There are 2 protein chains.
Amino acid sequence: MLKKLENSKEACDIHHRAIRDTMDILSGKWKLQIVGSLSLGKKHFGGLMAHIDGIGAKMLSKELQDLELNGLVKRTVYNTKPITVEYELTSYGNSLQPLVDEIVAWGMQHRRKLRDKD
Amino acid sequence: MLKKLENSKEACDIHHRAIRDTMDILSGKWKLQIVGSLSLGKKHFGGLMAHIDGIGAKMLSKELQDLELNGLVKRTVYNTKPITVEYELTSYGNSLQPLVDEIVAWGMQHRRKLRDKD
DNA sequence: CTGTATCCTGTAAGATACTG
DNA sequence: CAGTATCTTACAGGATACAG
């Protein structure tokens, strides 16, 4: 029995599930921006706060915990005085780079398109 | 004056803004799934309802309007009896294909990774 | 078949104050 | 510096009923 119908219900469900899986992990207003920020290099909590315009301590803390839980971000505490904490992408977090790149690229061309139209 | 510092505040802001621009347009639980669905071919309203598991008429209608407003989806009404409506991606909507592909690919490998771990 | 109108709820997310 | 605790609010999104 040949595997016809790539456009079958089953194949589509797999696609939809994949979209949901990814977006669940990256859901919310800030996660992608955090990943984008960290893709440029490790940063302290305060550095992220300064780098990501508009985010508050509560949201940043919460989103970082989510990302850490999903293995995308690694958190390292240093016994400086006062303590500092460094956040960086794991190698798994870096696997999001192509995705982030596409999102950035599309957003940039979209803005260009809107500007040229006006 | 050379353009040093690609990692400058300005360059980063452009990235962050691009991410926000894209995600604003694709925000919500359903838009990406709708785009993914339509990327496989034009569909009727009912077809989309059946194809996208769990979505209700209200959300589907609202999200389609949003997508249409942003020029990603084209809506065509046919004077059949009763009327039918066809939705399809515009060429601009199709420009999201690489982005959707990345999201699908990441979601699939993520699910594979979780399965192999257990 | 293709929606809209209402009503209802949970939760994302902001503001503020506080702590080790 | 790096967060947590608490309070509040807006809005996304679901259920149901109805309409052209």
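Residues numbered from 1 in each chain as written. Chains lettered and ligands numbered in written order. Predicted model: local features only at pLDDT ≥ 70, side-chain atom pairs only at ≥ 80, totals over all residues. Heavy atoms only, no water.

*Asks:* Please set out the overall build of chain A residue by residue, giving values where relevant.
*Replies:* A count of helical and extended segments in chain A gives six helices and three strands. Mapped from its N terminus to its C terminus, chain A presents α and β elements in the order α-α-β-α-α-β-β-α-α. Rg of the C-alpha trace for chain A: 18 Å, well past the compact-globule value of 13 Å for 118 residues, more than 25% over. Based on the C-alpha atoms only, the size of chain A along its principal axes is roughly 65 × 45 × 20 Å. At a minimum sequence separation of 6, the contacts of chain A that also span at least 24 residues come to 44%. Of the roughly 7000 Å² of accessible surface on chain A, a fraction of 56% belongs to carbon and sulfur atoms. If the 19 positive side-chain charges of chain A are averaged to one point and the 15 negative ones to another, these points end up 3 Å apart. (Helix = DSSP H or I, 4+ residues; strand = E, 2+ residues; numbered from the N terminus. Rg over C-alpha atoms; globule rule 2.2 N^0.38 Å. Contact = heavy atoms within 4.5 Å. Areas by Shrake-Rupley, 256 points an atom, 1.4 Å probe, with all protein chains shown as cover. Lys, Arg positive; Asp, Glu negative; His and termini not counted. Charge placed at Lys NZ, Arg CZ, Asp CG, Glu CD.)

*Asks:* Tell me what's going on with the UniProt feature "domain: HTH hxlR-type" (unreviewed entry) in chain A, and back it up with residues and numbers.
*Replies:* As recorded in UniProt, the feature "domain: HTH hxlR-type" (unreviewed entry) lies at residues 12-115 of chain A. Between the C-alpha atoms that bound residues 12-115 of chain A the distance is 36 Å, and the span itself is 62% helix and 13% strand. (UniProt positions renumbered as here; feature names shortened; annotations may be inferred.)

*Asks:* I'd like a rundown of the layout of surface pockets, residues and numbers included.
*Replies:* Any space left empty among the atoms is revealed by the rolling of a water-sized probe across them. In this structure, the largest pocket occupies an estimated 410 Å³ of space. Considering the residues around the largest pocket, the lining is formed by 22 residues, among which Met23 and Gly28 of chain A together with Met23, Ser27 and Gly28 of chain B are closest to the centre. Secondary-structure elements contributing two or more residues to the lining of the largest pocket are helix 1 (9-25) and helix 2 (31-38) of chain A together with helix 1 (9-25) and helix 2 (31-38) of chain B. Considered class by class, the residues forming the lining of the largest pocket number nine nonpolar, six polar and seven charged. (1 Å grid on protein atoms, 1.4 Å probe; cavity = no way out; pocket = protein on both sides within 12 Å on 5 of 7 lines; lining within 4 Å. Points joined across faces, edges and corners; volume = space filled by probe spheres on them. Nonpolar A, V, L, I, M, F, W, Y, C, P; charged D, E, K, R; others polar.)

*Asks:* Requested: an account of the pattern of salt bridges, with residues and values cited.
*Replies:* In total, this model carries 18 salt bridges over all chains according to the counting rule given. Between aspartate 21 of chain B and arginine 111 of chain A there is a salt bridge, with its nearest N and O atoms 2.8 Å apart. Taken together, the residues span two chains, with aspartate 21 of chain B in helix 1 and arginine 111 of chain A in helix 6 (residues 97-117). For arginine 111 of chain A, a relative accessible area of 35% translates into the label partly exposed. As a salt-bridge pair, glutamate 86 of chain B and lysine 42 of chain B come within 3.8 Å of each other at their nearest N and O atoms. Placement of the pair is glutamate 86 of chain B in strand 3 (residues 84-89) and lysine 42 of chain B in the loop between helix 2 and strand 1 (43-44), with a sequence separation of 44 residues. The class for lysine 42 of chain B is partly exposed, based on a relative accessible area of 46%. One salt-bridge network, in which partners are shared between bridges, spans Lys31, Lys62, Glu63 and Asp66 of chain A. (Salt bridge = Lys/Arg side-chain N within 4 Å of Asp/Glu carboxyl O. Buried < 20%, exposed > 50% of the residue type's maximum accessible area, 1.4 Å probe, protein only.)

*Asks:* An account of the protein's contact with DNA strand C is needed here, citing residue identities and associated values.
*Replies:* The local shell around DNA strand C holds 18 residues, among which Lys29 and Lys58 of chain A together with Ser61, Arg75 and Tyr87 of chain B are the closest. When the atoms of DNA strand C within 4 Å of the protein are grouped by moiety, sugar and phosphate amount to 69% of the total. Between serine 61 of chain B and DNA strand C, the recorded distance is 2.4 Å, taken from a side-chain N or O atom to a phosphate oxygen. In the environment of DNA strand C, a phosphate oxygen lies 3.2 Å from a nitrogen or oxygen atom belonging to the backbone of valine 85 of chain B. Those elements that place two or more of their residues in the surface near DNA strand C are helix 4 (57-69) of chain A together with helix 3 (45-51), helix 4 (57-69) and strand 3 of chain B. Looking at the surface near DNA strand C residue by residue, the classes come out as seven nonpolar, six polar and five charged. (Near = heavy atom within 4 Å. Polar contact = N/O pair within 3.5 Å; in protein donor to acceptor, adjacent residues only side chain to side chain.)

*Asks:* Lay out the protein's contact with DNA strand D with the relevant residues and their values.
*Replies:* Taken together, 19 residues are adjacent to DNA strand D, and Ser61, Arg75 and Tyr87 of chain A together with Lys29 and Lys58 of chain B come closest. Atoms of DNA strand D within 4 Å of the protein: sugar and phosphate make up 69%, bases the balance. Contacts to DNA strand D include glutamine 65 of chain A, whose side-chain N or O atom sits 3.4 Å from a phosphate oxygen. In this structure, lysine 29 of chain B approaches DNA strand D through a side-chain N or O atom, which is 2.6 Å from a phosphate oxygen. Listed by contribution, the elements that provide at least two residues to the surface near DNA strand D are helix 3 (45-51), helix 4 and strand 3 (84-89) of chain A together with helix 4 of chain B. If you tally residues by element for the surface near DNA strand D, the top one is helix 4 of chain A, at four residues. Grouping the amino acids of the surface near DNA strand D by side-chain chemistry returns eight nonpolar, six polar and five charged.

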